[in-house]
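# Structure at a glance
What follows is each chain in one-letter form.
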Amino acid sequence: MEFSESLKKNSDFQNVYKRGKSYANRFFVMYVLENHLEKNRLGISVSKKVGNSVIRHHITRLVREAYRLQEEMFENHLDIVVIARAAARHATYQETERALLHLGGLHHILVRKEDGIF
């Protein structure tokens, strides 16, 4: 499996916002759009409303790591943008991981295992 890369360009983010589908939970909003590439691209957005740069970078690292460790559970060929909500500043790693998987389930982009459980 190819490893994902980051969404970096503002135009890529805007494209996912305009054409993608979104679901939200307490900690994050997730936009998903098919990208017709061999791999997923992950974009993370944490606004200044959430906290100072230390807090914003901490949330970004938590999301990136949670996604990296669960990447095989996500389908391929997707652009995924995760937007942190204010509540995410207090989220633990486990809560972050659970929130990402929850949103993946809502989007139906999680690969089902043979036993029928995610």
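Look a little higher up for the structure.
What this report covers is the structure whose coordinates are included nearby. Numbering of residues starts from 1 in every chain and runs along the sequence as written. Residue-level local features of this predicted model are given only where pLDDT is at least 70; pairs of side-chain atoms are given and counted only at 80 or more, and the full residue set underlies all totals for whole chains, interfaces and linings. Note: side-chain values were computed over all heavy atoms of the structure, leaving out hydrogens and water.

Bringing the side chain of Asn-40 into the picture now. Following the sequence through the fold, Asn-40 ends up in the loop between strand 3 (28-34) and strand 4 (41-45). Pairing of N or O atoms within 3.5 Å defines a polar contact, subject to two protein rules: one partner must be a possible hydrogen donor and the other a possible acceptor, and residues neighboring in sequence count only if both atoms are side-chain atoms. Side-chain polar atoms of Asn-40 contact the side chain of Tyr-67, separated by 2.9 Å. A distance of 3.1 Å separates a polar atom in the side chain of Asn-40 from the backbone nitrogen of His-77. Per the convention used, a helix needs a DSSP run of H or I reaching at least four residues, while a strand needs a run of E reaching at least two, with both numbered from the N terminus.

Among the buried residues, those of types Ala, Val, Leu, Ile, Met, Phe, Trp, Tyr and Cys that are joined through side-chain atoms within 4.5 Å form a nonpolar core. To sort residues, take the accessible area from a 1.4 Å probe on protein chains only and compare it with the maximum for the residue type: under 20% means buried, over 50% means exposed, and anything in between is partly exposed. Among the nonpolar cores identified, the biggest contains 25 residues, and Phe-28, Met-30, Ile-59, Ile-80 and Val-82 are the most heavily contacted of them. Mapped onto this core, the elements with two or more residues apiece are strand 3, strand 4, helix 2 (53-70), strand 5 (78-84) and helix 3 (93-107). The contact criterion used throughout is that any non-hydrogen atoms of two residues lie within 4.5 Å. Leaving out residues up to four positions away in the same chain, Val-82 has contacts with Phe-28, Val-29, Met-30, Leu-42, Gly-43, Ile-44, Ser-45, Val-63 and Leu-100. In this structure, Leu-7, Val-29, Leu-33 and Val-81 belong to the second largest nonpolar core, which totals seven residues.

Stacked, tilted and edge-to-face pairs are distinguished by plane angle, under 30 degrees for stacked and over 60 for edge-to-face with tilted covering the rest, among Phe, Tyr and Trp rings (Trp via its six-membered ring) whose centres lie within 6.5 Å. By the definition in use, this model includes four aromatic pairs. With 5.1 Å between their ring centres and 70 degrees between their planes, Tyr-17 and Tyr-31 make a pair best called edge-to-face. Of the two residues, Tyr-17 is situated in helix 1 (residues 10-19) and Tyr-31 in strand 3; the sequence distance between them amounts to 14 residues. Judged by its relative accessible area of 26%, Tyr-17 falls in the partly exposed class. Grouping aromatic residues by their ring pairs yields a cluster made of Phe-13, Tyr-17 and Tyr-31.

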